Amino acid sequence: MKRIVQLFVLVLVLAAVPALLPPYYVTLLNYIGISALVAVGLVLLTGVGGLTSFGQAAFVGVGAYTTAVLTTSTSLPGWIAWAGASPWLALVAGLVITGLIALLLGSLTLKLSGHYLPLGTIAWGISLYFLFGTLDFLGAQSGISGLPPITIGSFSFDEGGEIYYLIWAFVLAAVVTTHNLLDSREGRAIRALKGGVVMAEAMGVDTSRSRIVIFVIAALHACAAGWLYAHMQRLVNPSPFGLHHGIEYLFMAVVGGAGYVWGAVIGAGLVTLLNQWLQDWLPRLFGHAGNFEIIVFGLLLLLILHRAREGMWPALLRLFRVKAEPKVVVEGAAALPRRTLPARGEVILEVKDVTRRFGGLVANKDMNFSMKAGEILALIGPNGAGKSTMFNQISGVDTPTSGEIVFAGQVVTGRDSREIARLGMSRSFQHVRLLPKMSVLENVAIGTHLRGSGGVFPSAWRMERPEEERLLAEAARQIRRVGLEAHMHDEAGSLALGQQRIIEIARALAADPSLLLLDEPAAGLRFKEKEALAELLKKLKAEGVAILLVEHDMDFVMGLVDRIVVMEFGQKIAEGLPEEIQQDERVLAAYLGGVE
Ligand code: ADP
Ligand code: MG
């Protein structure tokens, strides 16, 4: 509600601007709006998704040139002639073309890791720029002029003070939809890209798809900006679409606060104004003309990356003590459908002759064991015995060198962890993998990913709210179940390590698993917390969930589990009931050897 009021006030202020400010400032605001549109795309791509692109200016160019060619050419071939009838149709054509180019470039460059991705974006940014300046039908260096104004009905946006409204309507729509998108099932998957890929895949998120999605969305924003730009100027030429503008857009997103949607608007404003100001003053200072502002920008960027990594927006929020409102959990939301668990006693997991070598090191050797539905099995053994390696292979994070793993009746060896998650396996990690800046609720909600289907478009326009309510209600239910309701809206990273482990369990449970894999769940827990955890695991077992756990705390294990598999140096050295294992000579030697 508060948000709607704020937006309304903002719309009123924006609407009043052309009447209040001189035309010079309206023009400046038009440029700021167009840049902000590009920068909003970069917030999603770079700030949130962690993928750096220097090439956005080229997509602006694609949008500008597409509409320029379509709306001015008199000799369009029949199949595309329809798109020349109105700038709006040309926008549609531009978005389609940009989408296709982005899909192609994305599938080629997004696989590149580390520094190669930014280099890749520089490469195609330069290529497209030179293409604009070379192709005859794009007017080569002199470009295309005589573009018609954009019209709606009989109204034509041909003055700066008119197109202003169109530009800022686009900016507001972009800000609101991006905000909505980030605050959704799809958005949680996108936010997991930076630092949570392994975890997200284990929760069933297709992270390569998420990457392509944000890449295409960012490109479409840039295309729309190019369309507005072209019809504002009524002419296009290659110069505004070069690499240095690509760098400037990135600079805007970073200055504003790369992870924050409003940061894009602030950044675009600051950089545009500063640019204007420096272009006026630096030549006077140095006594002759030149592109000095680029050097100053470079230095400023370095300074910001050093001093205020997060950018302006979060600093402003702190200054005015604005706090994010906690998410609303709708208690009455209908429960999500549950998975039908296999009949108690049915074999759910089989590990057959699994061997895993890391170079010369054999981390797992000829491992064999199986598990039944509704059974709790502990995998124990000294440090370095190969337990986590076993876990990673079962859950698809790692692949056995040889051997086979069968889960829920299917051979899963070599499959992606997200496919295995879909079959009903869910896990926690020995070294917690949470998104520390996200709330506990949102972290756990990532676990529900496979139980929802809300895509990009419905999320951006809030058409998936009923489903989102159900997903959040489910996440909240699991948080209550593990006893962390008091921390539901806290940042996950602010909790004690033991509690973070419990969040991981809640997240795994939110996936409604038939097999739960817990790597050292009791580590760092206090006695009472361990008792509560044991109670929870017993309850899950009673429901028919199978639980495989790695644990060092023998008191915890002995009173809880049905069977134990003991590992040493990558091999199974014993298997049996807890009381049998306690008596086993080899186990005592291997396990307690160090203690005696
Ligand atoms: P545990 O969980 O029982 O303590 P791990 O499965 O983590 O043991 O490790 C078993 C052995 O495999 C250790 O010697 C470890 O150093 C090695 N290992 C585990 N993962 C890797 C890896 N990705 N690359 C190389 N060696 C590894
Ligand atoms: Mg381990």
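Residues numbered from 1 in each chain as written. Chains lettered and ligands numbered in written order. Predicted model: local features only at pLDDT ≥ 70, side-chain atom pairs only at ≥ 80, totals over all residues. Heavy atoms only, no water.

## Here we look at the site of ligand 1
Phase 1: Taken together, the neighbourhood of ligand 1 is formed by Phe-358, Leu-361, Ala-363, Asn-383, Gly-384, Ala-385, Gly-386, Lys-387, Ser-388 and Thr-389.
Phase 2: Within the contact set of ligand 1, an oxygen atom lies 2.8 Å away from a backbone nitrogen or oxygen of Gly-384.
Phase 3: Between ligand 1 and Thr-389 there is a distance of 2.5 Å, counted from an oxygen atom to a side-chain nitrogen or oxygen.
Phase 4: When ligand 1 is considered free in solution it has 570 Å² of accessible area, and contact with the protein chains removes 58% of it.
Phase 5: Listing elements by their share of the shell around ligand 1, those giving two or more residues are β6 (361-372) and α14 (387-394).
Phase 6: Counting residues per element, the shell around ligand 1 draws most heavily on α14, which supplies three residues. (Near = heavy atom within 4 Å. Polar contact = N/O pair within 3.5 Å; in protein donor to acceptor, adjacent residues only side chain to side chain. Areas by Shrake-Rupley, 256 points an atom, 1.4 Å probe, with all protein chains shown as cover. Helix = DSSP H or I, 4+ residues; strand = E, 2+ residues; numbered from the N terminus.)

## Considering the coordination of the magnesium ion (ligand 2)
Phase 1: Here the magnesium ion (ligand 2) is held by the protein donor atoms Ser-388 (OG) and Gln-430 (OE1), which lie 2.1 to 2.3 Å from it. Taken together, the residues span a long stretch of sequence, with Ser-388 in helix α14 and Gln-430 in the loop between β10 (425-427) and α16 (440-446) at a distance of 42 residues.
Phase 2: Relative accessible area serves as the criterion here: at 24%, Ser-388 is assigned to the partly exposed category.
Phase 3: When its relative accessible area of 22% is taken as the criterion, Gln-430 is described as partly exposed. (Donors = N, O, S within 2.8 Å, 3.2 Å for Na, K, Ca; no water. Buried < 20%, exposed > 50% of the residue type's maximum accessible area, 1.4 Å probe, protein only.)

## Observations concerning the nonpolar core
Phase 1: Within the largest apolar cluster, 86 residues are counted, with the highest numbers of intra-cluster contacts made by Phe-59, Ile-167, Trp-168, Phe-215 and Leu-228.
Phase 2: Per-element tally for this core: the top contributor is helix α9 (residues 207-233), with 15 residues.
Phase 3: Sequence-distant contacts of Ile-167, that is, excluding residues within four places in its chain, are made with Asn-30, Gly-33, Ile-34, Leu-228 and Met-232.
Phase 4: One finds Ile-380, Leu-472, Ala-492 and Leu-495 within the second-largest nonpolar core, a separate group that totals 48 residues. (Core = buried A, V, L, I, M, F, W, Y, C linked by side-chain atoms within 4.5 Å. Contact = heavy atoms within 4.5 Å.)

## Digging into the domain arrangement of the chain
Phase 1: One can read the domain layout of the chain as domain 1 (22-264), domain 2 (341-424 + 513-596) and domain 3 (435-510).
Phase 2: If you look at the interface, domain 2 gives 17 residues, while domain 3 gives 10 residues.
Phase 3: Buried surface at the junction of domain 2 and domain 3, summed over both partners, amounts to about 1,100 Å²; 71% is from carbon and sulfur atoms.
Phase 4: With its nearest N and O atoms 2.8 Å apart, the salt bridge here joins Glu-543 to Arg-481.
Phase 5: On inspection of domain 2 and its partner domain 3, the count reaches three residue pairs in polar contact (both at pLDDT 80 or more). (Domains from an automatic or database assignment. Buried area = accessible area lost by both parts, 1.4 Å probe. Salt bridge = Lys/Arg side-chain N within 4 Å of Asp/Glu carboxyl O.)

## Quick word on the packing of aromatic side chains
Phase 1: Applying the stated criterion to the full structure yields 14 aromatic pairs.
Phase 2: Between Tyr-65 and Phe-241 the ring centres are 6.0 Å apart and the planes differ by 65 degrees, which places this aromatic pair in the edge-to-face class. Of the two residues, Tyr-65 is situated in helix α3 (residues 56-72) and Phe-241 in the loop between β4 (235-236) and α10 (243-257); the sequence distance between them amounts to 176 residues. Across this residue pair, the class does not change: Tyr-65 and Phe-241 are buried.
Phase 3: On the basis of an interplanar angle of 55 degrees and a centroid distance of 5.0 Å, the ring pair of Trp-88 and Trp-227 is categorised as tilted. With Trp-88 in helix α4 (residues 87-109) and Trp-227 in helix α9, the pair connects residues that are 139 residues apart, well separated along the chain.
Phase 4: The exposure class of Trp-227 is buried, given its relative accessible area of 0%.
Phase 5: Ring pairing ties together the aromatic residues Tyr-65, Phe-132, Tyr-229 and Phe-241, which thus form one cluster.
Phase 6: The ring of Trp-281 carries the charged tip of Arg-284 above its face, separated from the ring centre by 4.9 Å.
Phase 7: It is Arg-433 that lies over the ring of Phe-429; its NZ or CZ is 4.9 Å from the centre. (Phe/Tyr/Trp six-rings, centres within 6.5 Å; stacked < 30°, edge-to-face > 60°. Lys NZ or Arg CZ within 6 Å of the ring centre and 35° of its normal.)

## With respect to the UniProt feature "transmembrane region" (unreviewed entry) in the chain
Phase 1: Under the local residue numbering, the UniProt record ascribes the feature "transmembrane region" (unreviewed entry) to residues 29-51, 58-82, 88-110, 122-143, 163-182, 212-230, 250-273 and 285-305.
Phase 2: The distance from the first to the last C-alpha atom of residues 58-82 is 25 Å, and the span holds 60% helix and 0% strand.
Phase 3: With 76% helix and 0% strand, residues 285-305 has end C-alpha atoms that lie 27 Å from one another. (UniProt positions renumbered as here; feature names shortened; annotations may be inferred.)

## Some remarks on the side chain of Ser-439
Phase 1: Structurally, Ser-439 can be placed in the loop between β10 and α16.
Phase 2: There is a polar contact of 3.1 Å between the side chain of Ser-439 and the backbone nitrogen of Glu-442.
Phase 3: Beyond its immediate chain neighbours, meaning those up to four positions away, Ser-439 contacts Met-488, His-489, Asp-490, Glu-491 and Ala-492.

## Some thoughts on the sheet that holds strand β14 (residues 571-576)
Phase 1: Reading across the sheet, the six strands line up as β10-β11-β12-β7-β13-β14 and stay open at both edges, with mixed pairing between neighbours. Edge positions in the sheet fall to β10 and β14, since each has one partner strand and no second. The average angle at which neighbouring strand axes cross in this sheet is 20 degrees, direction not considered.
Phase 2: Taken together, the four bridges between strand β7 (residues 376-380) and strand β13 (residues 563-568) define a ladder with parallel strand orientation. Counted as the bridge partner of Ile-380 is Val-566 from β13.
Phase 3: Contacting β10 and β11 (515-519), helix α19 (residues 497-509) runs over the sheet at an angle of about 165 degrees to β11. (Pairing = 2+ DSSP bridges. Axes fitted to C-alpha atoms, helices over the stretch in contact; angles between N-to-C directions.)

## A few points about the packing of α3 against α9
A pair of packed helices is characterised by two quantities: the angle between their axes and the separation of those axes.
Phase 1: Remark: α3 packs on α9, axes separated minimally by 7 Å, with the N-to-C direction vectors making an angle of 50 degrees. When the axis of α3 is compared with that of α9, the two are oblique. Crossing angle aside, the handedness with which α3 passes α9 is right-handed. Across from Gln-56, Phe-59, Val-60, Gly-63, Ala-64, Thr-67 and Thr-71 in α3, the residues of α9 making contact are Phe-215, Ala-218, Ala-219, Ala-222, Cys-223, Ala-225, Gly-226, Trp-227, Ala-230 and His-231.
Phase 2: Of the residues contributing to the contact of α3 with α9, the split by class is 11 nonpolar, six polar and no charged. (Parallel < 35°, antiparallel > 145°, perpendicular 65-115°, else oblique. Left-handed = near helix turned anticlockwise from the far one by under 90°. Nonpolar A, V, L, I, M, F, W, Y, C, P; charged D, E, K, R; others polar.)

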